[in-house]
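Summary of the model geometry
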Amino acid sequence: MTQATYHTKINLLVCLSSASPNKSFALVGFSASAHPGIKEYVLEQRKQHLRLLEGLDVHDLRWAVGNCAEAETFAHMESIRRQFPRTLTDLDNMVAITLTLDLKDQTTHGPCEQCSQLIYKLRLQLPCAIFSLAPLKTGHMEEYSL
Ligand SMILES: [Zn+2]
């Protein structure tokens, strides 16, 4: 495998809540760039840690469900949510901010169709707003790692 074979992306996820203004959580995850045997293991581990991945559609994308860097970071959102105190108002719910960067060409990427579906399903489970900091791109398909 050559360096060009892998197109690794990194995702930064930051979670905070007005219910606990002195506490925030930040973590990073990477796309599943690895040799095929190892990659299958990584994807299976991700599906075990984030069961919502099993229900996602492929969306005609060239990468497997769970390959994206978001699959690694979003698996921690439910446990992070439990770190914040529960309140009676929706206004104090957790806010998650995410940004994905391609390590090869240093470009930012918004969520692909799989990750958008994952965000939708996470929103049904968690009282949490999820925002992408990636600027909107028009006129071309998002390139995600294989
Ligand atoms: Zn994705």
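Keep in mind that what you see is a predicted model, and the values were worked out from it rather than measured. Sequence positions are assigned chain by chain, starting from 1 and proceeding in written order. Owing to the predicted nature of the model, reporting of local features is limited to residues with pLDDT of at least 70; listing and counting of side-chain atom pairs is limited to 80 or more, with chain, interface and lining totals taken over all residues.

Along the chain, Ile119 falls in helix H4 (residues 113-125). With C-beta atoms placed from the backbone, a contact is any residue pair whose C-beta atoms sit within 7 Å. Contacts of Ile119, omitting those with residues within four sequence positions, involve Pro111 and Ile130. For helices the rule is a DSSP run of H or I covering at least 4 residues; for strands it is a run of E covering at least 2, with both sets numbered from the N terminus onward.

On to the nonpolar core. Nonpolar core, as used here: buried Ala, Val, Leu, Ile, Met, Phe, Trp, Tyr and Cys residues forming one set through C-beta atoms within 7 Å. Any residue whose C-beta has 12 or fewer other C-beta atoms within 10 Å is treated as exposed, any with 20 or more as buried, and any in between as partly exposed, C-beta atoms being built from the backbone. Counting 22 residues, the largest nonpolar core has Cys15, Ala71, Phe74, Met77, Ala96, Leu118 and Leu122 as its most contacted members. Looking at this core, the elements that each hand over two or more residues are strand E1 (9-17), helix H2 (69-73), helix H3 (77-83), strand E3 (94-102) and H4. At four residues, the largest contribution of residues to this core is made by H4.

One can find Ser116 in helix H4. The exposure class assigned to Ser116 is partly exposed, which follows from the 15 C-beta atoms found within 10 Å. Between the C-alpha atom of Ser116 and that of Leu56, which follows or precedes it by 60 residues, the distance is 9.9 Å.

Helix span, expected: 1.5 Å multiplied by one less than the number of residues in the helix. An ideal rise of 1.5 Å per residue puts 18 Å on 13 residues; H4 measures up with 19 Å between its terminal C-alpha atoms. Along H4, the positions that sit buried rather than exposed are Gln114, Cys115, Leu118, Ile119 and Leu122. Down the axis of H4, the buried set is contained in an arc of 135°. They therefore lie on one face. In the core, the buried residues of H4 are packed alongside H2, H3 and strand E5 (128-132). Comment: arc refers to directions from the helix axis out to C-beta atoms.

Before going further, it helps to spend a moment on the environment of Leu118. Position of Leu118 among the secondary structure elements: in helix H4. With 24 C-beta atoms packed within 10 Å, Leu118 lands in the buried category. Taking the C-alpha atoms as reference points, Leu118 and Phe74, 44 residues apart in sequence, are found 8.8 Å from one another. Once residues within four sequence positions are removed from consideration, Leu118 is found in contact with Leu52, Leu56, Glu70 and Phe74.

The next thing to look at is the pairing of E3. Two strands qualify as a pair provided that DSSP identifies no fewer than 2 bridges between them. Of the strand pairs in this sheet, E1 and E3 are connected by nine bridges, and their pairing is antiparallel. The residue of E3 that forms the bridge with Leu12 is Leu99. Pairing between E3 and strand E4 (residues 108-109): two bridges, direction antiparallel. Paired with Thr100 across the strands is His109, a residue of E4. Between E3 and E4, which pair antiparallel one after the other, the connecting turn spans five residues, and Gln106 there sits at a positive phi close to 60°.

What is shown is where atoms sit, not what they do.
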